[in-house]
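Summary of the model geometry
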Amino acid sequence: MNAPAKLPSRRLSVAPMMDWTDRHCRVFHRQITRHTWLYTEMVTTGALIHGDVPRHLDYSEIEHPVALQLGGSEPADLAKSAKLGEQWGYDEINLNCGCPSERVQKGAFGACLMAEPQLVADCVKAMRDAVSVDVTVKHRIGIDHVETYDFVRDFVGTIADAGCKTFIVHARNAILKGLSPKENREIPPLKPEYAYQLKRDFPQLEILINGGIKTLEEIDLHLQHVDGVMLGREAYHNPYLMAAFDARYYGDDAPPKSRAQVIEAMLPYIREQLVRYGNNGAGLKLNSITRHMLGLMAGMPGARAFRQTLSDSKKLASGDPALLLEALSRMQPLAA
């Protein structure tokens, strides 16, 4: 697949989220915003080197700009996986140095890599030598009870010396023992000032901030201090927030799709996917696409009826994409 020549800036992006930002979710998000960067779920080097590459790397052309996030800690394996990502047409390769889950720690990657900055630098250098697209790093500001700014400053400095120019800073610590991934997103306090200070200390680097960001006003505030903002769960649970992004942050005057138009735009994609992969049985389940759309009507009158209709197991089992139109009809007068 060929990436477009001119890519938008990373002013806005949607975070890689396991079990959520799969290719169906990304196509849905792309109906709402044309310029926001989209990231895959984390894909491990082992899954690519020993597994089903098309299953992990297939995507739709509409998704650009789209970045592949890799999980791993062996420079040679990461270089090989990054090369695969470039061959498939991804616009960026991102290394996960922020995931705190024990499953990831057992593989010796994710947030625990922050304790080994020189290894991360070696990984980044190996990937940069293998590909011509950008290699970026997503990381926390500290691990466990290491809370000094110096820790993250030295980490970024070491990786920058290996040629990395873009850092996505999840502005809270990762607690590697005793907290679940969910608790790790909520309990360690956010310290956006650490990301701001990184930009001041490394003005030549592109610094993006991530963590707990929910409103346009918060985005505007962060963009006074850093180069870009990455949204996570808010983009998933309240995706229509992104309808404002293209005009507000990219100067695109084209009107965004209405919520009803987003649904209508998804129907051909859903039908094509059901034909391509088979419906029901061992094939593609309608729910694997529609589950990402449950938040589209967040905050609107009738949103609950919309979600209930899209969550009806009997109707989902029929595999008929017209279920989306039925859910939309529950939103009157919005659908009119």
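One can find the structure itself at the top, above this paragraph.
Conventions adopted
Residues numbered from 1 in each chain as written. Predicted model: local features only at pLDDT ≥ 70, side-chain atom pairs only at ≥ 80, totals over all residues. Heavy atoms only, no water. Phe/Tyr/Trp six-rings, centres within 6.5 Å; stacked < 30°, edge-to-face > 60°. Helix = DSSP H or I, 4+ residues; strand = E, 2+ residues; numbered from the N terminus. Buried < 20%, exposed > 50% of the residue type's maximum accessible area, 1.4 Å probe, protein only. Lys NZ or Arg CZ within 6 Å of the ring centre and 35° of its normal. Salt bridge = Lys/Arg side-chain N within 4 Å of Asp/Glu carboxyl O. Pairing = 2+ DSSP bridges. Expected span 1.5 Å × (residues − 1). Contact = heavy atoms within 4.5 Å.

**Some points on the packing of aromatic side chains**
Under the criterion given, the structure shown has four aromatic pairs. Plain terms: the ring middles of Trp 20 and Tyr 236 are 4.2 Å apart, the flat faces sit at 15° to each other, and that makes the pair stacked. Here Trp 20, found in the loop between β1 (12-14) and α1 (23-32), pairs with Tyr 236, found in helix α11 (residues 233-237); they are 216 residues apart in sequence, far enough to count as distant. Since its relative accessible area comes to 8%, Tyr 236 is described here as buried. With a centroid separation of 5.7 Å and 80° between ring planes, the pair formed by Tyr 149 and Tyr 194 is classed as edge-to-face. Here Tyr 149, found in helix α7 (residues 149-161), pairs with Tyr 194, found in helix α9 (residues 192-201); they are 45 residues apart in sequence, far enough to count as distant. Classification of Tyr 194 as buried rests on a relative accessible area of 13%. The ring of Trp 37 is capped by Arg 10, whose NZ or CZ atom sits 4.7 Å from the centre of that ring.

**A look at the environment of Met 42**
Its place among the elements puts Met 42 in the loop between β2 (37-39) and β3 (43-44). Overall, Met 42 belongs to the buried group, its relative accessible area being 11%. Taking the C-alpha atoms as reference points, Met 42 and Cys 99, 57 residues apart in sequence, are found 9.3 Å from one another.

**Regarding the pattern of salt bridges**
The full count for this structure, using the stated rule, is 17 salt bridges. Close ionic contact of Asp 22 with Arg 291 constitutes a salt bridge, the shortest N to O distance being 3.5 Å. Highlighted residues: Asp 22 in the loop between β1 and α1 and Arg 291 in the loop between α14 (287-290) and α15 (303-310), separated in sequence by 269 residues. For Asp 22, a relative accessible area of 14% puts it in the buried group. For Arg 291, a relative accessible area of 28% corresponds to the partly exposed category. Across the pair Lys 191 and Glu 147 runs a salt bridge, and its minimum N-O distance is 3.8 Å. Placement of Lys 191 in the loop between α8 (181-184) and α9 and of Glu 147 in the loop between β6 (134-140) and α7 is noted, with a sequence separation of 44 residues between them. The buried category is assigned to Lys 191, whose relative accessible area is 16%. Judged by relative accessible area, Glu 147 falls into the partly exposed class, the value being 41%. Counted as one network, the salt bridges with shared partners bring together Arg 10, Glu 92, Asp 134 and Glu 206.

**Points about the pairing of β6**
Most of β6 sits inside the fold, with six of its seven residues counted as buried. Relative to β6, strand β5 (residues 92-97) is paired through six bridges, and the arrangement is parallel. Its bridge partner lying in β6, Leu 95 is registered against Val 137. As defined by bridge partners, β6 adjoins strand β7 (residues 166-170) across four bridges and the pair is classed as parallel. Bridging across to β7, Arg 140 finds its partner in His 170.

**With respect to unusual backbone geometry**
With omega at -5°, the peptide bond leading from His 64 into Pro 65 counts as cis. Within the secondary structure layout, Pro 65 lies in the loop between α3 (53-57) and β4 (66-71).

**Examining helix α4 (residues 75-88)**
For α4, with 14 residues, the first-to-last C-alpha span of 20 Å sits near the 20 Å given by 1.5 Å per residue. Of the positions making up α4, those classed as buried are Leu 78, Ala 79, Ser 81, Ala 82, Leu 84, Gly 85 and Glu 86. In this structure, the buried side of α4 is in contact with α2 (45-50), α3, β4, β5 and α6 (117-130). Count one or two residues on from α4 and you reach Gly 89, which has phi positive near 100°.

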